[in-house]
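Listed here are the chains, written in short residue letters.
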Amino acid sequence: MNREGKNCQELLQIVVVIIAACLVHGVMQGVHDNYGIMMTGLLPATGMDYASISFCIGTGALVYGFAQPFLGMLALRKSNVFVILLGIVCTIAGLMVTPHCRSFVSLFLFFGLILPFGTTGLSFGIVMGAIIPVLGERRAALVSGIVQASAGIGDALMSPALEGMISGFGIHTAMTVISVPFLTMIPVALWLGKANKICVVQPRDNSRSSESLTLILKTALRDRDYRLLVIGFSTCGFYMAIMESHLFSQFLSYGISGQTASLALTVYGIATMAGAVAIGFLDTKFRMKNILAGIYAMRAIVSVGVLLFPKTAGFSFLSTALLGLSGDATVPPTSGIISRKFGVDKMAVLYGFTLIGHQIGAFISTNLGGILVKNGLGYEPLWIINMILAGIAAAVTFSISREQECQR
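Residues numbered from 1 in each chain as written. Predicted model: local features only at pLDDT ≥ 70, side-chain atom pairs only at ≥ 80, totals over all residues. Heavy atoms only, no water.

Colleague: Would you mind showing me how to read the overall build of the protein here?
Modeller: Summing up its helical and strand segments, the protein has 17 helices and zero strands in all. Burial statistics for the protein: of 408 residues in total, 58% are counted as buried. A sequence separation of at least 24 residues applies to 86% of the contacts in the protein between residues at least 6 apart. Approximately 15,300 Å² of the protein is accessible, and the part contributed by carbon and sulfur atoms is 70%. (Helix = DSSP H or I, 4+ residues; strand = E, 2+ residues; numbered from the N terminus. Buried < 20%, exposed > 50% of the residue type's maximum accessible area, 1.4 Å probe, protein only. Contact = heavy atoms within 4.5 Å. Areas by Shrake-Rupley, 256 points an atom, 1.4 Å probe, with all protein chains shown as cover.)

Below, the structure written as structure tokens:
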């Protein structure tokens, strides 16, 4: 084959790999970001109260965080594709069994543990780790924005579809139907594994995969900038959990219809896609830490708007659009800084550890929201706290200094 033919074949493989990664991550995120809509169907089906289901969702947020380093190390030992396949199996099990749970223990097991563990195996760090060997590091920053944008596509499609199925056919049918796309991911994951074996670009210095999790984390935690990233990303989890767990119910509490609220979440998904792609592009032009600080500052400003805007249908669309622009936009610069400082081969592990802080924030936000609503205090206190945390995140992230320096 001549050189031009090889270049065309390489380009085609890269495009297909990106599409496959977007499919896996997008469908997963469409489930992960819509627990709040699932809650409206699970409340009557399981007989549990709002606070109990919020606790399961909050526990799932912790699982999504704490399982990241473990699955990242498993990816180093086995492969990222192995972890993706494990994630697919657990996600399907969680979706299929959850609607049939009739006790808190069983709901906690399948909705609070197994389902989020499965989605963890399909998370951004794992998926990016599976495709970077094919893409090469130079393309990774831009492609990371595209892959993260697929989460917005998943949200945009899944939110109205899930709400419509729950309203029309019930939660049992809805969760069974949304498990079907995960079955189609199995051949996609197997193809990604084949692409890795004949990858275009090998990750640098693969010998470091033998390092222990403890050593990798000790090296990272000695770095001041990495600690600041963890602090900032913790506030991100608090923010994202409001959207994933409470925003749909919040809109309903204002008298906004379920159909309108689900369409507003579709706007949120589209906006997250636009924000992630834009940030992925900006990451190639400007310092990532400045972009990341700006995103956190934007969240503080938008939180003020959510508190002050009139609570109408127009408010739901405007607020979700503004919230979405900064929703997933923190992921490309955060993972990019980690990759540049510590190497792409450790990105899944260290991004996963960073996500622990993110998910602790999500756990607090999810459960605090459930307690506030149960006690008649509403959702406004969550937004006040979020505004303060976003301001803190902007300040600490802006003080990050040496993002280009790679630790060895």
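That shown, we press on.
Colleague: Would you take a moment to explain the side chain of His32 for this structure?
Modeller: Mapped onto the fold, His32 is located in helix α1 (residues 3–32). Beyond its immediate chain neighbours, meaning those up to four positions away, His32 contacts Tyr64, Thr119, Glu244 and Gln359.

Colleague: Sorry, what's going on with the packing of aromatic side chains here?
Modeller: What characterises a pair of aromatic rings is the spacing of the ring centres plus the angle enclosed by the ring planes. This model, assessed by the stated rule, comprises seven aromatic pairs. Note on Phe251 and Phe315: the rings are 6.1 Å apart at their centroids and 85 degrees apart in plane angle, and the pair reads as edge-to-face. Of this pair, Phe251 sits in helix α11 (residues 224–253) while Phe315 is found in helix α14 (residues 313–325), placing the two residues 64 residues apart along the sequence. Neither residue differs from the other here; Phe251 and Phe315 are each classed as buried. An aromatic cluster of three or more residues is present, and its members are Phe55, Phe104, Phe108 and Phe363. Over the ring of Phe82 we find Lys78, and its NZ or CZ is 5.0 Å from the ring centre. Directly above the ring of Phe398 sits Lys289, whose terminal nitrogen or CZ lies 4.3 Å from the centroid. (Phe/Tyr/Trp six-rings, centres within 6.5 Å; stacked < 30°, edge-to-face > 60°. Lys NZ or Arg CZ within 6 Å of the ring centre and 35° of its normal.)

Colleague: What exactly am I supposed to notice about the pattern of salt bridges here?
Modeller: Opposite charge on two side chains permits pairing when their charged atoms draw close. Taken as a whole and assessed by the stated rule, the structure comprises two salt bridges. Note that Asp49 and Lys374 form a salt bridge whose closest N and O atoms lie 3.9 Å from each other. Remark: Lys374 occurs in helix α16 (residues 347–374) and Asp49 occurs in the loop between α2 (35–46) and α3 (50–77); sequence separation between them is 325 residues. Overall, the relative accessible area of 34% leaves Asp49 in the partly exposed class. Look at Lys374 and you get exposed, because its relative accessible area is 58%. Among the ionic pairs, Arg224 bridges to Asp225, the shortest N-O distance being 3.1 Å. (Salt bridge = Lys/Arg side-chain N within 4 Å of Asp/Glu carboxyl O.)

Colleague: Would you explain the packing of α3 against α11 in this entry?
Modeller: Working note: a packed helix pair is described by the angle between its axes plus the distance between those axes. Viewed as axis vectors pointing N to C, α3 and α11 meet at an angle of 150 degrees, and their least axial separation amounts to 11 Å. The orientation of α3 with respect to α11, classified from their angle, is roughly antiparallel. Touching Tyr50, Ser54 and Ile57 of α3 are Ser245, His246 and Ser249, all from α11. Taken together, the residues of the contact of α3 with α11 break down into two nonpolar, four polar and no charged. (Axes fitted to C-alpha atoms, helices over the stretch in contact; angles between N-to-C directions. Parallel < 35°, antiparallel > 145°, perpendicular 65-115°, else oblique. Nonpolar A, V, L, I, M, F, W, Y, C, P; charged D, E, K, R; others polar.)

Colleague: Help me understand the packing of α2 against α3 in this model?
Modeller: It is at 10 Å that the axes of α2 and α3 come closest, and there the two elements cross at 135 degrees. It follows that α2 is oblique to α3 by the angle criterion. Our pair here, α2 against α3, has a crossing hand that is right-handed. Facing Tyr35, Met39, Leu42, Leu43 and Thr46 of α2, the residues of α3 in contact are Tyr50, Ile53, Ser54 and Ile57. When the residues that make up the contact of α2 with α3 are grouped by side-chain class, the tally is seven nonpolar, two polar and no charged. (Left-handed = near helix turned anticlockwise from the far one by under 90°.)

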